[in-house]
Amino acid sequence: MDPVVFMAIYQVTDNEIKSISRTTFSQSGLKEREDLQRLLKHQIEIISPDTLVVAEEFGEWDESRRRIDLLGIDKKANIVVIELKRTEDGGHMELQAVRYAAMVSTLTFDRLVDIYADYLKANSLELDAEASLLDFLGWSKKDEDEFGQEVKIVLASAEFSRELTTTVMWLNDYGLSIRCVRMHPYISDGKILLDIQSVIPIPEIEDYQVKIREKRQKERASRSSSRDTSRYSIYFNGEQVYAHIQKSDIGYCTVQLLDEKGLIDHGVFEFLRADNTCAFQLIKLESEVTETNKKYNKYRVSRDPELIYDGEEYYVARNWGKESAQAFTVKISNRFPLVSYEMHAE
C-alpha cells in the first residue's frame, strides 16, 4: 500500500499560524455505524448533494451480512449507494459497492416507497413515504420510465489507496458513476474537526472530466459500431466450398481452393505472388516473413505450410479489412469465373 501523506490544516491567530493535528477515526473514538453513519444519514448532503436517504443497512438478498450502509435517491431519480469506511485506505469498498449497485439496479419506484416507509418508521419520522419521495423529485405522480435510470455510488473514507482510485477512474471511464469523498479528522482543543473533500471527481475539473469520459465512451461506441464482423462463403461452380469463414481467412481459403482444384500453374502462381490487395504480399516464403509480421500474426508461420509449390513452402497473408476483402473477391472472380463469394453481415 502506498504511504499515507497527511495534509495539514492551520489555525490563524494574532501571533502565529498554528498547525491543527491530524488524527484518525479510531484514535478519536469515532465508529463507522454508531457515529459516522448515524450523523451522515441526517446530513447526507455533506458527502452526496441533492440526495435523500431512503434506507440504512439495506440488504434484500440471501446473505444478510451484505448490507448497504446508506441507500438514497437523487434529484434525477437515480438510485444512490453510499458506503462508509473509517480506514486509511478504503479497503475494497469499490468492489463491494459495485456489487451492491447491481443488486439494487432492478428496484422499482413502488418498491422504493415501501423501503422508504420502513426507514421512516424505524426513525420515528411521521411522513408519508410516497408523498415525500414525489415532493423530493418534483413529480406530481410516479414515473417508472424516468425512475432508476442509473445507479450512482458514493464512497466515503478517511483515505483511498492508489489501487482503489485507479479502479474507480477506470470504472468511471466505462460509464459508471462513482464518487470518492475523503474525510480527514483533526483534533483541536479537544474538539474533532472533519475536513471533507471530493477526491474523484476533482470539483474544479469535474465538468472537464465528464466531457472527457463521454468523449471516450462515444469513441468506443463508434469503433464498436463500425467494426466489420462480416463473414464470407466461397463457392466453386455454384457449390459451396467454405461457409461463413472469417474475413482474415479469405486469402488462405481462396489459395486452398485454387490449389485443391488444380488451378495453380506458373501463371496463376505469379499472379498470386504479385497480389498485395491487403497491403501485404498475398503469399510469402517463411524466410520472407519479418519479425513484425510474426508479432502481429500477419502470417501464421507457426503452423504447417499453407501452400507448397515447386518444392517451396508458402504462407498466406491474413491482414484483411472490409474494403480489401471485397476488392480481393472481385479480383479473384474476374480471374477465375467459377469462383464466387457471398458476404454475410453479422
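In this report, we go over the structure that sits alongside the text. (Residues numbered from 1 in each chain as written. Predicted model: local features only at pLDDT ≥ 70, side-chain atom pairs only at ≥ 80, totals over all residues. Heavy atoms only, no water.)

Some details on the sheet that holds strand 13 (residues 312-316)
Okay, step 1: Across the sheet, three strands lie side by side as 11-13-12; this open sheet has antiparallel pairing. Lying at the two open borders of the sheet, with one neighbouring strand each, are strand 11 (283-285) and strand 12 (307-309). Strand-to-strand, the axes of this sheet are offset by a mean angle of 40°, without reference to chain direction.
Okay, step 2: Two strands pair when backbone bridges link them, and strand 11 and strand 13 are joined in this way by three bridges, in the antiparallel orientation. Note that in strand 13 the partner of Lys284 across the bridge is Tyr315.
Okay, step 3: Where helix 9 (residues 266-274) meets the sheet, it contacts strand 11, strand 12 and strand 13, and its direction lies at approximately 90° from that of strand 11. (Pairing = 2+ DSSP bridges. Helix = DSSP H or I, 4+ residues; strand = E, 2+ residues; numbered from the N terminus. Axes fitted to C-alpha atoms, helices over the stretch in contact; angles between N-to-C directions. Contact = heavy atoms within 4.5 Å.)

A closer look at the pairing of strand 2 (residues 17-22)
Okay, step 1: Judged from the four bridges that link them, strand 1 (residues 9-12) and strand 2 form a sheet pairing that is antiparallel. Among the inter-strand pairings, Tyr10 is bridged to a residue of strand 2, identified as Ser19.
Okay, step 2: Counted between consecutive antiparallel strands, the loop separating strand 1 from strand 2 contains four residues.
Okay, step 3: The pairing of strand 2 with strand 7 (residues 177-188) spans two bridges and is antiparallel.

Examining the packing of helix 9 against helix 11 (residues 322-335)
Okay, step 1: For the pair helix 9 and helix 11, interaxial distance at closest approach is 13 Å and the crossing angle is 165°. Overall, the two elements helix 9 and helix 11 adopt an arrangement that is roughly antiparallel. The interaxial crossing formed by helix 9 with helix 11 has right-handed handedness. Contacts between helix 9 and helix 11 involve Gly267, Val268 and Phe271 from the former and Lys331, Ile332 and Arg335 from the latter. (Parallel < 35°, antiparallel > 145°, perpendicular 65-115°, else oblique. Left-handed = near helix turned anticlockwise from the far one by under 90°.)

Considering the sheet that holds strand 14 (residues 339-344)
Within a sheet, each strand pairs with its neighbour through backbone hydrogen bonds, oriented either parallel or antiparallel.
Okay, step 1: Pairing is antiparallel across the open sheet formed by three strands, whose spatial order is 10-9-14. Pairing within the sheet leaves two strands with one partner each, and these edge strands are strand 10 (239-246) and strand 14. The mean angle between the axes of side-by-side strands here comes to 20°, regardless of whether they run parallel or antiparallel.
Okay, step 2: As paired elements, strand 9 (residues 231-236) and strand 14 share six bridges and run antiparallel to each other. Residue pairing for strand 14: Ile234 is matched across the bridge by Tyr341.
Okay, step 3: This element, helix 8 (residues 250-260), spans strand 9, strand 10 and strand 14 of the sheet and lies at about 160° to strand 10.
Okay, step 4: Each of strand 9 and strand 14 is contacted by helix 11, which is oriented at about 155° to strand 14, the strand it contacts most.

A short note on unusual backbone geometry
Okay, step 1: Positive phi outside glycine occurs at Glu57, with the angle close to 50°.
Okay, step 2: With respect to the helices, strands and loops of the structure, Glu57 is situated in strand 3 (residues 51-58).

A look at the packing of aromatic side chains
Okay, step 1: All told, the structure shown has eight aromatic pairs when counted by the stated rule.
Okay, step 2: Relative to Tyr119, the ring of Tyr116 lies with its centre 6.3 Å away and its plane at 20°, an arrangement referred to as stacked. Of this pair, Tyr116 and Tyr119 both sit in helix 4 (residues 109-122), three residues apart, which is roughly one turn of the helix. The pair Tyr116 / Tyr119 is uniform in exposure class, with both members buried.
Okay, step 3: Centroid distance Phe269 to Tyr314: 5.3 Å. Interplanar angle 65°. Geometry classified as edge-to-face. A residue pair is termed long-range when its members are at least 10 positions apart, and Phe269 in helix 9 and Tyr314 in strand 13 qualify at 45 residues. Each of the two residues, Phe269 as well as Tyr314, counts as buried.
Okay, step 4: Every member of this aromatic cluster is reached through a ring pair, and the members are Phe109, Trp139 and Phe147. (Phe/Tyr/Trp six-rings, centres within 6.5 Å; stacked < 30°, edge-to-face > 60°. Buried < 20%, exposed > 50% of the residue type's maximum accessible area, 1.4 Å probe, protein only.)

Here's the deal with the side chain of Asp275
Okay, step 1: When you line up the elements, Asp275 lands in the loop between helix 9 and strand 11.
Okay, step 2: In contact with Asp275, other than residues within four places in its own chain, are Phe280, Gln281, Leu282, Phe328 and Lys331.

Notes on a nonpolar patch on the surface
Okay, step 1: A cluster of nonpolar side chains, Tyr10, Val12 and Ile17, forms an exposed patch at the surface whose accessible area comes to about 360 Å².
Okay, step 2: Its location among the elements puts Tyr10 in strand 1. (Patch = residues over 30% accessible without salt bridge, like charges linked within 9 Å, V, L, I, M, F, W, Y side chains within 5 Å. Areas by Shrake-Rupley, 256 points an atom, 1.4 Å probe, with all protein chains shown as cover. Salt bridge = Lys/Arg side-chain N within 4 Å of Asp/Glu carboxyl O.)

Some words on the environment of Ala131
Okay, step 1: Here Ala131 shows up in helix 5 (residues 129-137).
Okay, step 2: On the basis of relative accessibility, which here comes to 41%, the residue Ala131 falls in the partly exposed class.
Okay, step 3: C-alpha separation for the pair Ala131 and Lys142, spaced 11 residues apart in sequence, amounts to 9.9 Å.

Some remarks on the pattern of salt bridges
Okay, step 1: By the definition in use, this model includes 10 salt bridges.
Okay, step 2: Among the ionic pairs, Glu159 bridges to Arg182, the shortest N-O distance being 3.9 Å. Of the two residues, Glu159 is situated in the loop between strand 6 (151-157) and helix 6 (162-173) and Arg182 in strand 7; the sequence distance between them amounts to 23 residues.
Okay, step 3: For Arg273, the salt bridge goes to Glu288, with nearest N and O atoms at 2.9 Å. Note that Arg273 is positioned in helix 9 and Glu288 in the loop between strand 11 and helix 10 (291-295), a separation of 15 residues in sequence.
Okay, step 4: Here the salt bridges share partners, and the residues they tie into one network are Asp249, Glu306 and Arg318.

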